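Residue-level structure breakdown
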Amino acid sequence: MGSEAALVGLLLAEAHAAWVLIAVASIGNVAGSAVNWGLGRSIERFRDRRWFPADAASLDRAQAWYRRWGRWSLLLSWVPVIGDPLTVIAGVMREAFVPFLLVVAIAKVGRYLVVAGITLGWS
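My aim in this report is to walk through the structure given alongside it, one point at a time. (Residues numbered from 1 in each chain as written. Predicted model: local features only at pLDDT ≥ 70, side-chain atom pairs only at ≥ 80, totals over all residues. Heavy atoms only, no water.)

**Points about the nonpolar core**
- Grouped together as the largest cluster of nonpolar side chains are 14 residues, with contacts concentrated most on Tyr66, Leu74, Ile89, Ala90, Phe100 and Val104.
- Elements supplying a minimum of two residues to this core: helix 2 (18-43), helix 3 (56-69), helix 4 (83-92) and helix 5 (97-120).
- Ignoring sequence-local partners within four residues, the contact set of valine 104 consists of Val30, Ser33, Leu74, Ser77 and Thr87.
- The next biggest cluster of nonpolar side chains, apart from the first, holds nine residues, and it includes Leu7, Leu11, Tyr112 and Ala116. (Core = buried A, V, L, I, M, F, W, Y, C linked by side-chain atoms within 4.5 Å. Buried < 20%, exposed > 50% of the residue type's maximum accessible area, 1.4 Å probe, protein only. Helix = DSSP H or I, 4+ residues; strand = E, 2+ residues; numbered from the N terminus. Contact = heavy atoms within 4.5 Å.)

If you want it as structure tokens, here you go:
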């Protein structure tokens, strides 16, 4: 929740226009997800290494979940704890980059619009 707290603080400080803050937060967060996607594209080859952060069963479960729900599950990429692994699995599953980027951008921009709306009392 660090980016949300930073956004709230900057919105309340009125240091910049709200749309600029939302845009910067969204672009940064989507860029981070794109890096995760890229890591996912090449991570599969390391799954049998001792230092790999997930065991084979966990990775298989995540892949099965993604096969079931597909790219629309990326609408949950804004959710803490599951969002980052979800974007990595999208890369592992070879999700096409442009659709990945569009769905993740919808989720991330939506999150920051809600945070800004609550903070600034938009109705």
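**Remarks on a nonpolar patch on the surface**
- Side chains of Trp65, Trp69, Leu76, Trp78, Val81 and Ile82 sit close together on the surface and give an oily, nonpolar patch of about 620 Å² of accessible area.
- Mapped onto the elements, leucine 76 comes out in the loop between helix 3 and helix 4.
- Given a relative accessible area of 35%, leucine 76 falls into the partly exposed group. (Patch = residues over 30% accessible without salt bridge, like charges linked within 9 Å, V, L, I, M, F, W, Y side chains within 5 Å. Areas by Shrake-Rupley, 256 points an atom, 1.4 Å probe, with all protein chains shown as cover. Salt bridge = Lys/Arg side-chain N within 4 Å of Asp/Glu carboxyl O.)

**Considering the environment of arginine 45**
- Mapped onto the elements, arginine 45 comes out in the loop between helix 2 and helix 3.
- Looking at arginine 45, the relative accessible area reads 62%, which means it is exposed.
- As a C-alpha pair, arginine 45 and glutamate 95 span 50 residues in sequence and 17 Å in three-dimensional space.
- Polar side-chain contacts of arginine 45 include one of 3.2 Å to the backbone oxygen of serine 42. (Polar contact = N/O pair within 3.5 Å; in protein donor to acceptor, adjacent residues only side chain to side chain.)

**Concerning the pattern of salt bridges**
- Evaluated as defined, the whole model comprises three salt bridges.
- The salt bridge involving arginine 71 is made with glutamate 95; its shortest N-O contact spans 2.7 Å. Of this pair, arginine 71 sits in the loop between helix 3 and helix 4 while glutamate 95 sits in the loop between helix 4 and helix 5, placing them 24 residues apart in sequence.
- On the basis of relative accessibility, which here comes to 32%, the residue arginine 71 falls in the partly exposed class.

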